[in-house]
Amino acid sequence: MKKELIIFLGSPGSGKGTQANMLKEEFDYYPLSTGQLLRDEGKKDTEEAKEINRLINAGLLVSDELILDIAFKEIEKVENQTIILDGYPRTLKQAELAQQIIDKNLDKFILKKVFIFDLEETALIYRIRNRVTCDKCGKVYNLITKKPEKVGVCDACGGKLMNRVDDSEIDSILKRNRIYKTNIPDIISFYEKNNLTFLIDSVKDLKSINQEIKNVLKITNNKSEV
Ligand code: AMP
């Protein structure tokens with residue numbers, strides 16, 4: 001059975017992680033956040049972990065080769081679940097490298113759709129400043145729109161909810177958004193060639209966006225038909 005891949009791209013705070021988790025809860029999709037994989041790698045006691053943490057905290061991207069390796073190692077582990085790539089690829093080079101692997105393994109992978117979450121800067125700063133993330137499982141909450149049941153505790157795993165280091169500095173948020181805005185036009189052009197892109201207006205409420213995604217993917221009875 002082919003592994004179905006869906007890509008969610010957007011500025012930090014544009015809601016892609018939240019939507020990926022909604023599809024996980026509803027349809028057992030597998031959200032694969034490269035940011036979360038890197039934060040997990042960063043907990044190890046290695047030189048590479050130190051370098052990853054340095055880049056994340058500075059609001060910079062890790063290398064295209066490292067992220068390819070980390071992302072596809074994780075993709076390989078997933079069986080029988082549609083995978084949502086949350087925040088990958090983030091450069092044209094990453095998109096090209098990932099596509100090379102997909103093209104070489106057409107019997108194994110199918111890229112179904114690329115969703116681009118669009119949100120203007122003031123709104124995303126406001127959202128990120130109210131965002132807390134579970135230290136253990138990476139689940140994301142918003143203290144205004146998507147509160148945990150118990151203050152400071154993850155509903156899913158009981159882990160501790162924290163502010164991400166790279167979310168606490170306005171400069172880091174702005175830098176990440178600037179990098180995103182610089183890279184995204186080329187990535188969109190790359191996927192537009194195959195008619196794969198769909199733009200999401202992230203100002204809309206969570207339920208409407210969720211419905212829009214399901215409509216595009218034509219999800220019915222746990223199966224997508226795109
Ligand atoms: P996120 O959790 O998606 O906001 O990602 C947090 C940080 O991880 C980013 O600011 C980057 O430093 C790094 N990161 C995540 N995904 C990628 C990627 N695809 N390429 C390079 N760096 C990434």
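Everything below is about the structure shown above.
Predicted, not measured: the structure shown is a model, and the values here were computed from it.

Calculation criteria
Residues numbered from 1 in each chain as written. Predicted model: local features only at pLDDT ≥ 70, side-chain atom pairs only at ≥ 80, totals over all residues. Heavy atoms only, no water. Near = heavy atom within 4 Å. Polar contact = N/O pair within 3.5 Å; in protein donor to acceptor, adjacent residues only side chain to side chain. Nonpolar A, V, L, I, M, F, W, Y, C, P; charged D, E, K, R; others polar. Helix = DSSP H or I, 4+ residues; strand = E, 2+ residues; numbered from the N terminus. Expected span 1.5 Å × (residues − 1). Buried < 20%, exposed > 50% of the residue type's maximum accessible area, 1.4 Å probe, protein only. Core = buried A, V, L, I, M, F, W, Y, C linked by side-chain atoms within 4.5 Å. Contact = heavy atoms within 4.5 Å.

## Side note on the site of the ligand
In the neighbourhood of the ligand, 16 residues make up the surrounding shell, with T34, L60, R90, Q94 and R164 lying closest. R39 is positioned such that a nitrogen or oxygen atom in its side chain is 3.0 Å from an oxygen atom of the ligand. R164 places a side-chain nitrogen or oxygen 2.9 Å from an oxygen atom of the ligand. Looking at the shell around the ligand residue by residue, the classes come out as 7 nonpolar, 4 polar and 5 charged.

## Thoughts on helix 4 (residues 64-77)
The first and last C-alpha atoms of helix 4 sit 20 Å apart over 14 residues, in line with the 20 Å expected at 1.5 Å per residue. Burial in helix 4 covers these residues: D64, L66, I67, L68, I70, A71, F72, E74 and I75.

## Overview of the nonpolar core
Core analysis: the largest hydrophobic core is formed by 36 residues, its most contacted members being I75, Y88, L111, V114 and Y191. Ranked by residue count, the leading element in this core is helix 4, at 7 residues. Not counting residues up to four positions away in its chain, the partners in contact with Y88 are I7, F8, L9, T34, I67, L68, A71, F72, Q94 and A98. Listed in part, the 15 residues of the second largest apolar core include I6, F8, F115 and I213.

## So, the side chain of K214
With respect to the helices and strands, K214 occurs in helix 9 (residues 206-217). Classification of K214 by relative accessible area gives buried; the value is 13%. Once residues within four sequence positions are removed from consideration, K214 is found in contact with L23, E26, F27 and I219.

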